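# Observations on the three-dimensional arrangement
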Amino acid sequence: MTLSVCIRRSVTLTCVLAGFAMAFAQGASAAPRAAELGPEAPLATTSGGFVGRITVEPAHGPVGTPVTISGEGFPAGQALDIVWATVTGQWNVTTAEYFGREFKPAAYRIARVTSDAAGHIAASFVVPDDFGFLHDIRVQQGARLLTQDVFNVDMTVKLLADNVPVGTPLPVEIDGIGWRELEDSWVLLYDNRYTGWISVTTTFGSAHFTVPATGRPGRHVVEVIHSDFTFPYRNKQQSPSPDRPQFKIGFNITPGAAVLPPAPDRQAQTTVRRLPPPGELMATPAFAGVGKPVVVRGSGFAPDKPVALNWMTYVGNRMTGRGWEENSTVVAEATADASGNVAFFFKAPDDLGGVHTLWADTAGARKTGSLWIAPTALPLDVAHGPVETTFKIHLKGVGWSETANIYTVVYDNGLSGYACGFNSQGDVEVFMQATGEPGWHFIDLYPAIYKGKETRPINFRLPELTGDQDHPGEDLPIFHFAFEVTPDGIRGAASE
């Protein structure tokens, strides 16, 4: 699939966003979610033994596969439910700590049928957009399980672009990632380099993300393979579970103008999921990057009296053994009007990302609200120069919890390390050296899970390629940068 771009020496990502939206729309499965098959059904159990039998054809297939169900041996003239068994996933997190993933059983009715005089039943459906691998298909009456068979949802990986210039965001679409051990942790390799891992805990087994096309014009290879213990398992055919799939997809980078990411200020979040509920003190906007103007309004204060607005944050780190503590400072002051209304105007503090409690005291009571600091990125201090040129990546508003206090750095789709923002109150500076052949090189910063109680799979301190869709705890953005390596002797230039 070829995506058109603007014809210039270098073009920005904006020029191709519409093309990628179309690519995802064309490649995405039209299958419903499991919950759209029908109403939620009871989690049935057997009572008095199994009754009847069913055959599911085919026995496996990818999301969107048409399936027929035929059954026999049921009591005549009985209303029966045919049910798809699955799970719903969620992250187990607190304000500060990560405990892993949780999956709860769920079931949805495919069809309600009535057995004929000979005890036969029949139904058909389309495999939903759901977690991959084994799912029970059950016949039940209310909460009584009569019989069941299984269907295996085949995992699929698609690369929805080919013949593109360097820097093009390559849309990757994956359906049918599983939720059980050995089925739930998949990683992407780019030209044999470890790029990052793919999470689908809250997206029902589906992942849609992009990675930049990096390298010289010519053929390149993307792989998706399993990894339960941090790093890719390269000889899976000799493992205790050798039938897990592996995916290899080739594509071409063509000569031509590079596709560059948009300026950092255009990569700022426009929405934040899971914002805390508003309090008596209302912040507008409800979230902001460091330095952005904010107004906080409240009522019920003493008329014509001064009011101080306090800002709560966290101070500390995880290395000294003393942990962290809450700390409040006055962030703005104002005088209530004759009706007791007050408005505080200030700029979002240069502080940790995530939710911050706002509070102000009035006679006999404390009024509270909150403001969410969203991570933001500054332009590179130097964007062009020969190999060994040092340049700086600068983030503001990095968080403090185990799920928000680090960003991972990927250079030309190869993991380069991570950077922590807790000890520096959300301010992160990463100094890097330009490497590679002359031309454009691409640096991506992904959210990650710093640490936690989970022991399997082990996905700590790794780039989460789907981190802007399925990250535990906070809703965090992904940042993209580009650096042009110039021939020796051409000095570096400040970022535009």
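See the structure above.
Please read all numbers here as calculations on a predicted model, not as lab measurements. (Residues numbered from 1 in each chain as written. Predicted model: local features only at pLDDT ≥ 70, side-chain atom pairs only at ≥ 80, totals over all residues. Heavy atoms only, no water.)

### Focus on the overall build of the protein chain
The helix and strand tally for the protein chain stands at one helix and 36 strands. In terms of overall dimensions, the protein chain has a C-alpha envelope of 80 × 70 × 45 Å along the principal axes. Within the protein chain, contacts between residues separated by at least 24 positions form 72% of all contacts whose residues are at least 6 apart in sequence. In the form shown here, the protein chain has an accessible surface area of approximately 21,500 Å², with 53% of it arising from carbon and sulfur atoms. In the protein chain, 37 side chains carry a positive charge and 50 a negative one; their mean positions are 1 Å apart. (Helix = DSSP H or I, 4+ residues; strand = E, 2+ residues; numbered from the N terminus. Contact = heavy atoms within 4.5 Å. Areas by Shrake-Rupley, 256 points an atom, 1.4 Å probe, with all protein chains shown as cover. Lys, Arg positive; Asp, Glu negative; His and termini not counted. Charge placed at Lys NZ, Arg CZ, Asp CG, Glu CD.)

### Overview of the environment of His 208
Mapping His 208 onto the fold places it in strand β16 (residues 207-212). With 108 residues separating them along the chain, His 208 and Gly 316 place their C-alpha atoms 36 Å apart.

### Examining the pattern of salt bridges
Scanning all chains against the criterion turns up 18 salt bridges. Across the pair Lys 367 and Glu 280 runs a salt bridge whose closest N-O atoms are separated by 3.3 Å. One end of the pair, Lys 367, is in strand β27 (residues 365-373); the other, Glu 280, is in the loop between β19 (258-260) and β20 (282-284), and 87 residues separate them in sequence. Using a relative accessible area of 12% as the deciding quantity, one classes Lys 367 as buried. Linking Lys 396 and Asp 350 is a salt bridge whose minimum nitrogen-to-oxygen distance equals 2.7 Å. Of the two residues, Lys 396 is situated in strand β30 (residues 390-396) and Asp 350 in the loop between β25 (342-347) and β26 (354-362); the sequence distance between them amounts to 46 residues. Through salt bridges with shared partners, a single network forms among Glu 181, Asp 228 and Arg 456. (Salt bridge = Lys/Arg side-chain N within 4 Å of Asp/Glu carboxyl O. Buried < 20%, exposed > 50% of the residue type's maximum accessible area, 1.4 Å probe, protein only.)

### Focus on the pairing of strand β3 (residues 53-57)
Taking every second residue as pointing to the same face, the buried face of β3 carries Ile 54 and Val 56, while none of Arg 53, Thr 55 and Glu 57 on the other face is buried. Here five bridges tie β3 to strand β5 (residues 66-72), and the two strands are oriented antiparallel to one another. Each bridged residue has a counterpart across the sheet, and for Val 56 the counterpart in β5 is Ile 69. (Pairing = 2+ DSSP bridges.)

### Some details on the sheet that holds strand β14 (residues 186-190)
Here we have five strands laid out as an open sheet, ordered β12-β18-β17-β14-β15, and mixed in their pairing. Two strands in the sheet have a free side with no partner beyond their single neighbour: β12 (164-165) and β15 (193-198). Strand direction decides the pairing type here: β12 and strand β18 (residues 247-254), joined by two bridges, are parallel. Among the inter-strand pairings, Pro 165 is bridged to a residue of β18, identified as Thr 254.

### Here we look at the side chain of Thr 214
Along the polypeptide, Thr 214 turns up in the loop between β16 and β17 (218-226). The exposure class assigned to Thr 214 is buried, which follows from its relative accessible area of 1%. A polar contact is formed between the side chain of Thr 214 and the side chain of Asn 413, at a distance of 3.1 Å. Setting aside anything within four residues of it in sequence, one finds Thr 214 in contact with Val 166, Tyr 190, Arg 193, His 220, Ile 253, Asp 412, Asn 413 and Phe 442. (Polar contact = N/O pair within 3.5 Å; in protein donor to acceptor, adjacent residues only side chain to side chain.)

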